[in-house]
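Remarks on the overall topology
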Amino acid sequence: MKFLESKWFPIILGVAIVFVIIKDIDFGSRSSSTSFTSSTSSTSSNEWKAPDIDTVPDNEYGRLVRYGQDLIVNTAKYLGPRGTVAAISNGMNCQNCHADAGLRPFGNSFAAVASTYPKFRDRSGKMETVEFRVNECMERSMNGSKLDSNSREMLAMISYLLWVGKNVPKGTKPEGAGIEELKFMDRAADVAKGKAIYIAKCQLCHGPDGEGQLQFDSSGYLYPPLWGPNSYNVSAGLFRLSRFAGYVKNNMPFGSTHENPQLTNEEAWDVAAFVNSQPRPNKKFAYDWPDIKTKPVDHPFGPYADGYTEKDHKYGPFGPIKLAREKVLANAKKEGSGLKSPKP
């Protein structure tokens, strides 16, 4: 008995402690097939909470929803250059721009898709369906081709997007949906300052030339390219500085959240200016912004109705442009007329 106490008791006690520690560890590395649930870090009672994917029923509808999430997380696997379904995109994943499969508040979440679509959008000048919006992303952010509207993949993506916002009242946009609108600066965004921020806080993951980092098997990107031939094109939403700045402020560098950002507003604007000053696919759509007076203040391609230049619209300062835009819209409303883009 004395032998047991002197020799084996410490060993038994050590094994027990190790077991308890291992049992309680939350292994942070997720496989590409891991499901995502709502964030618990929110400090706002009004902030949107994503539904739990584990509550999806085990039936055909549930399988569609789960496949839809898988397509968002692993788009390149199915639809990338070496896609198992079709080779119609640049190798990025939808999740690269919609954090945690579109479930993270302020991470370009899908919270308001079900509650606001179909809806009229000024960019296309018409009512848009969820299907139309998915293919807009395929052609712009993914710099690819449209997905077959009758395909199982399209049906799965739509099912997932509608499931994400199933608890949001129709016609409302909850806090945390989409991307945060950052306050405009009093100056133009600074490319040189943005480059310094990129080198210090972004380059480690996204590379010195913005090329990103591929998965070990080259099936997709671990960290997406921010510019170059495999990144989003000039017609993507993130090519607007406000969209890019609002996204990185709440999500980048790694570990950032809405409650605990690592960038200031000015740093977010400046790094957005640097990234979007770099070369990328120059793919444009002739039907964009048929009514030019509705172009956003940071849409970088003319013609415009407000008297400002393309450089002004790309880098700002945006406050004066916003006032000019509001004046143009007010005058047009009084006159009952609009300014249309020239037909191609």
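Residues numbered from 1 in each chain as written. Predicted model: local features only at pLDDT ≥ 70, side-chain atom pairs only at ≥ 80, totals over all residues. Heavy atoms only, no water.

1. Thoughts on the overall build of the protein
The condition is simple: Working definition: helices are DSSP H or I runs of at least four residues, strands are E runs of at least two. Numbering for both runs from the N terminus. The buried label goes to any residue with under 20% of its type's maximum accessible area, the exposed label to any with over 50%, and the partly exposed label to all in between, with areas taken from a 1.4 Å probe on protein chains only. In this analysis, two residues are considered to be in contact whenever any of their non-hydrogen atoms come within 4.5 Å of each other. Reported accessibility uses the Shrake-Rupley method at a 1.4 Å probe radius. Residues are deemed covered only where the shown protein chains occlude them.
Counting its secondary structure elements, the protein contains 13 helices and four strands. Considering the protein as a whole, with its 344 residues, one finds that 47% of them fall into the buried category. A sequence separation of at least 24 residues applies to 65% of the contacts in the protein between residues at least 6 apart. Approximately 18,000 Å² of the protein is accessible, and the part contributed by carbon and sulfur atoms is 58%.

2. Quick notes on unusual backbone geometry
The peptide bond linking Met252 to Pro253 adopts the cis configuration, its omega dihedral lying at -5°. Looking at the secondary structure, you find Pro253 in the loop between helix H10 (241-251) and helix H11 (265-275). The residue after Gly316, namely Pro317, is reached through a cis peptide bond having omega 5°. Along the polypeptide, Pro317 turns up in the loop between helix H12 (310-315) and helix H13 (318-335). Its identity is not glycine, yet Ser218 carries a phi of approximately 60°, on the positive side. The phi angle at Trp289 is positive, at roughly 50°, despite the residue not being glycine. Along the chain, Trp289 falls in the loop between H11 and H12.

3. With respect to the confidence of the model for the protein
Basically, it comes down to this: pLDDT expresses how confident the predictor is about each individual residue, on a scale running from 0 to 100.
For the protein, per-residue confidence averages 88 on the pLDDT scale, and 85% of positions sit at 70 or higher. Here residues 1-35 is modelled with pLDDT under 50, and outside its nearest four sequence neighbours on either side it reaches twelve contacts, counting other chains as well. In the model, residues 37-43 has pLDDT below 50 throughout and makes eleven contacts with residues more than four positions away in sequence or in other chains.

4. Side note on the packing of aromatic side chains
We count it as follows: Only Phe, Tyr and Trp rings are paired, with Trp represented by its six-membered ring, and only when their centres lie within 6.5 Å; those with planes under 30 degrees apart are stacked, over 60 edge-to-face, the remainder tilted.
Taken as a whole and assessed by the stated rule, the structure comprises eleven aromatic pairs. Aromatic pair Trp269 and Phe318: ring centres 5.7 Å apart, planes at 40°, arrangement tilted. With Trp269 in helix H11 and Phe318 in helix H13, this residue pair connects regions lying 49 residues apart in the sequence. You can call Trp269 buried: its relative accessible area is 2%.

5. Quick word on the pattern of salt bridges
As a reminder of what qualifies: Think of a salt bridge as a Lys or Arg side-chain nitrogen and an Asp or Glu carboxyl oxygen that are within 4 Å of each other.
Considering all chains together, one arrives at 15 salt bridges under this definition. Of the charged contacts in the structure, one is a salt bridge between Arg243 and Glu181, with a shortest N-O distance of 3.0 Å. Separated by 62 residues along the polypeptide, Arg243 in helix H10 and Glu181 in the loop between helix H7 (152-164) and helix H8 (191-201) bring together distant segments of the chain. Classification of Arg243 by relative accessible area gives buried; the value is 13%. The network of salt bridges with shared partners includes Asp58, Glu60, Arg63 and Arg152.

6. Notes on the environment of Leu162
Inspection of the secondary structure puts Leu162 in helix H7. When its relative accessible area of 38% is taken as the criterion, Leu162 is described as partly exposed. Sequence spacing of Leu162 and Ala112 is 50 residues, and the spatial spacing of their C-alpha atoms is 9.0 Å. Dropping the residues within four chain positions of it, Leu162 is found in contact with Ala114 and Val130.

7. Overview of the packing of H10 against H11
For clarity, the cut-off: Axis definition: a line fitted to C-alpha atoms, over the contacting stretch in the case of helices. Angles run 0 to 180 degrees between N-to-C directions. Small angles under 35 degrees read as roughly parallel and large ones over 145 as roughly antiparallel, with 65 to 115 read as roughly perpendicular and the rest as oblique. Crossing handedness follows the turn of the near helix against the far one: under a right angle anticlockwise gives a left-handed crossing, and clockwise gives a right-handed one.
Between H10 and H11, the shortest axis-to-axis distance is 8 Å and the interhelical angle comes to 125°. Here H11 runs oblique to H10, going by the angle between their axes. Note that H10 runs across H11; the crossing there is right-handed. Only Asn265, Ala268, Trp269, Val271, Ala272, Ala273 and Val275 of H11 make contact with H10, whose side of the interface consists of Leu241, Ser242, Phe244, Ala245, Val248 and Lys249.

8. Some words on the packing of helix H2 (residues 60-73) against H7
The angle between the axes and the distance between the axes are what describe a pair of packed helices. We count it as follows: Each residue receives one of three labels: charged for Asp, Glu, Lys and Arg, nonpolar for Ala, Val, Leu, Ile, Met, Phe, Trp, Tyr, Cys and Pro, and polar for the others, Gly being one of them.
Packing of H2 against H7 brings their axes to within 7 Å, and their N-to-C directions diverge by 95°. By the angle between their directions, the pair H2 and H7 is classed as roughly perpendicular. Contact residues: H2 offers Glu60, Tyr61, Arg63, Leu64, Val65, Tyr67, Gly68, Gln69, Leu71 and Ile72, while H7 offers Arg152, Glu153, Leu155, Ala156, Met157, Ser159, Tyr160 and Trp163. When the residues that make up the contact of H2 with H7 are grouped by side-chain class, the tally is eleven nonpolar, three polar and four charged.

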